[in-house]
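An overview of the molecular structure
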Amino acid sequence: MVNSFVITGGKQLRGTVDVRGSKNAALPILAATILTKEICRISNLPLVLDVHRMLKMLEDMGSSIRWDGSHTVVIENKDIRPARLGKDTVKKMRASILLLGPLLARFGRVEKMTYPGGCSIGARPIDTHLAAFRDLGAKVTLGGKYFSVEIPPHRRMPPEVILNEFSVTATENLLLFLASKGSTTRIKIAACEPHVRDLAKCLAKMGARSRGAGTSTITIRGTDRLGGISHRTTPDYIEAGTFILASLAVGGHVHIKDAPVVDLDFVIKKLVSAGADIRVHPNKKLVEVRASFGGAGKGGRKLKIDKIQCLPHPGIPTDLQPAFGVLATQVSGPTLIHEPLYEKRLESLTELTKMGARVVVQDPHRAIVHGPTKLHGARLTCYDLRSGAALAIAGLAGKGKTIITNIEHLERGYEDLEGRLRALGADIKKI
Ligand code: EPZ
């Protein structure tokens, strides 16, 4: 069933929205429960498709999973069998690669794992993951549809491994594997994203000590006796950033609660420097955004952004690039959008041209968005998770009716987005 959003734009956003748990933290943390036979209680889980898919993969392998309240699961992995891992589910979600590290740690081998799905934003190979496991001494066998990885359980780990790029899930896979090894290994060129930090915090509770998580060098000393835990998933900085950008692009007065401001320092600085009226509460968890109309800054003057360059954390997150692209249509002047990470992520900007946006794509990694432009309603297609949220923002910012099809992509990472936007006064419904 193809679901769609029907949006009537032109209404400002007003009210308070709370930020849910981070999908990209929840996924590696759920995978981490494979490392112990004891009970793990994970709370503040976002109710999104990718989390349900990860739980399904665990259940297929034999995990005992019980919901305890609306956003908390209790998981027990006493007896799991990797061979039962559903090939189809693995293919549907890139993050299924996060099962590799913990399964390899627990069983010493992963036979015939399906390559995780790529997606419309880029090829997203798993070369970095496999190269890192080879550096740890693993034997990797590549087939057409499947790959296998084997590493003798008692093989001594090297003192250092250097990743081929700042890969988020490759960093997480190494932490998930090394957490169960009694030696000390330094990971260099590690990703610094907040969800890497949250995973390290969770592994520390299980008994694996690490330092440097959140920086590009992480040293981890694991143990073969990892225990059960209770862990609250960190709030989602990408979701918080999405609501900040939506409030600025559409206009209004919005309070964003439970926002991990410390992970959005650079994004907020960039927007305030562009003239945005954004106030951060001293508790560093509440953000207030005011915009008298779409793209407006302090004193009703149009924002001026000039350039958005996405980089690995602590740079501007690539996952906010599509929403920044929508804001760029509402601010004054040309804005260069530089997306060095993904070779196909700028495609969501071309969907905006159907609404009248003026976008000049320079190459697969750079585009110039001219503003301000009055967007009008159109029929749009959602190709991936983050561009889906951006197209919804564009529909709210534009005049008239916008229909967005294939929103199941969007539901992979945002819990009840239409309900929460409606609570802010938006005219949006799912059909
Ligand atoms: C994780 O994907 C996230 N997924 C992605 O979020 C996110 O876009 C990405 O990190 C980047 O932040 C999960 O955490 C489940 P990568 P991952 O290996 O690990 C290139 C979402 O919307 N790159 O960090 O698969 C790299 O080649 C999803 O929730 C460089 O060019 O991504 C790849 O094409 C989408 N140079 C891309 O960036 C670098 O130094 C992402 O790489 C590092 C990466």
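Located above this text is the structure these notes cover.
Read on for an overview of the structure. Computed from a predicted structure; not experimentally measured. (Residues numbered from 1 in each chain as written. Predicted model: local features only at pLDDT ≥ 70, side-chain atom pairs only at ≥ 80, totals over all residues. Heavy atoms only, no water.)

Burial of the side chains of strand β20 (residues 366-371) is restricted to one face: Ala-367, Val-369 and Gly-371 are buried, whereas none of Arg-366, Ile-368 and His-370 on the reverse face is. Relative to β20, strand β18 (residues 333-338) runs antiparallel, the two being bridged by six bridges. Residue pairing across strands places Ile-337 opposite Ala-367, the latter belonging to β20. Here strand β19 (residues 358-363) runs beside β20; their pairing, made up of five bridges, is antiparallel. Bridged to Arg-358 within β20 is His-370. Hairpin connection between β19 and β20: a loop of two residues separates the two successive antiparallel strands. (Buried < 20%, exposed > 50% of the residue type's maximum accessible area, 1.4 Å probe, protein only. Helix = DSSP H or I, 4+ residues; strand = E, 2+ residues; numbered from the N terminus. Pairing = 2+ DSSP bridges.)

Taken together, 19 residues form the shell around the ligand, and within it Arg-94, Ser-167, Thr-169, Asp-319 and Tyr-342 come nearest. Within the contact set of the ligand, an oxygen atom lies 2.9 Å away from a backbone nitrogen or oxygen of Val-168. In isolation the ligand exposes 820 Å². Once the protein is present, 87% of that is buried. Listing elements by their share of the shell around the ligand, those giving two or more residues are α1 (23-32), α6 (168-178) and α12 (385-397). Among the residues making up the shell around the ligand, the classes are represented as seven nonpolar, four polar and eight charged. (Near = heavy atom within 4 Å. Polar contact = N/O pair within 3.5 Å; in protein donor to acceptor, adjacent residues only side chain to side chain. Areas by Shrake-Rupley, 256 points an atom, 1.4 Å probe, with all protein chains shown as cover. Nonpolar A, V, L, I, M, F, W, Y, C, P; charged D, E, K, R; others polar.)

Once that is clear, we can look at the side chain of Arg-94. Positionally, Arg-94 belongs in the loop between α3 (87-92) and α4 (100-107). Among buried Asp, Glu, Lys and Arg side chains, Arg-94 stands out as unpaired, with Glu-165 the closest opposite charge at 7.0 Å. For Arg-94, the contacting residues outside a window of four places in its chain are Pro-116, Gly-117, Arg-124, Pro-125, Ile-126, His-129 and Thr-169. (Lys, Arg positive; Asp, Glu negative; His and termini not counted. Salt bridge = Lys/Arg side-chain N within 4 Å of Asp/Glu carboxyl O. Contact = heavy atoms within 4.5 Å.)

What follows is about the environment of Glu-193. Here Glu-193 lies in the loop between β10 (184-188) and α7 (194-206). With 172 residues separating them in the primary sequence, Glu-193 and Gly-21 have C-alpha atoms 15 Å apart. If near-sequence neighbours (up to four positions away) are discounted, Glu-193 is found in contact with Val-168, Tyr-237, Pro-312 and His-313. A polar atom in the side chain of Glu-193 sits 3.0 Å from the backbone nitrogen of His-313.

On inspection of all chains with the given rule, the structure shows two aromatic pairs. On the basis of an interplanar angle of 45 degrees and a centroid distance of 5.2 Å, the ring pair of Tyr-115 and Phe-147 is categorised as tilted. Taken as a pair, Tyr-115 in the loop between β6 (109-114) and α5 (127-135) and Phe-147 in strand β8 (residues 146-150) lie far apart in primary sequence, 32 residues in all. Among the residues examined, Tyr-115 registers a relative accessible area of 26% and is labelled partly exposed. Aromatic side chains Phe-133 and Phe-177 sit 5.6 Å apart centroid to centroid with 90 degrees between the ring planes, which places their arrangement in the edge-to-face category. Separated by 44 residues along the polypeptide, Phe-133 in helix α5 and Phe-177 in helix α6 bring together distant segments of the chain. Phe-133 sits in the buried class, given a relative accessible area of 1%. Residue class for Phe-177 comes out buried when judged on its relative accessible area of 0%. (Phe/Tyr/Trp six-rings, centres within 6.5 Å; stacked < 30°, edge-to-face > 60°.)

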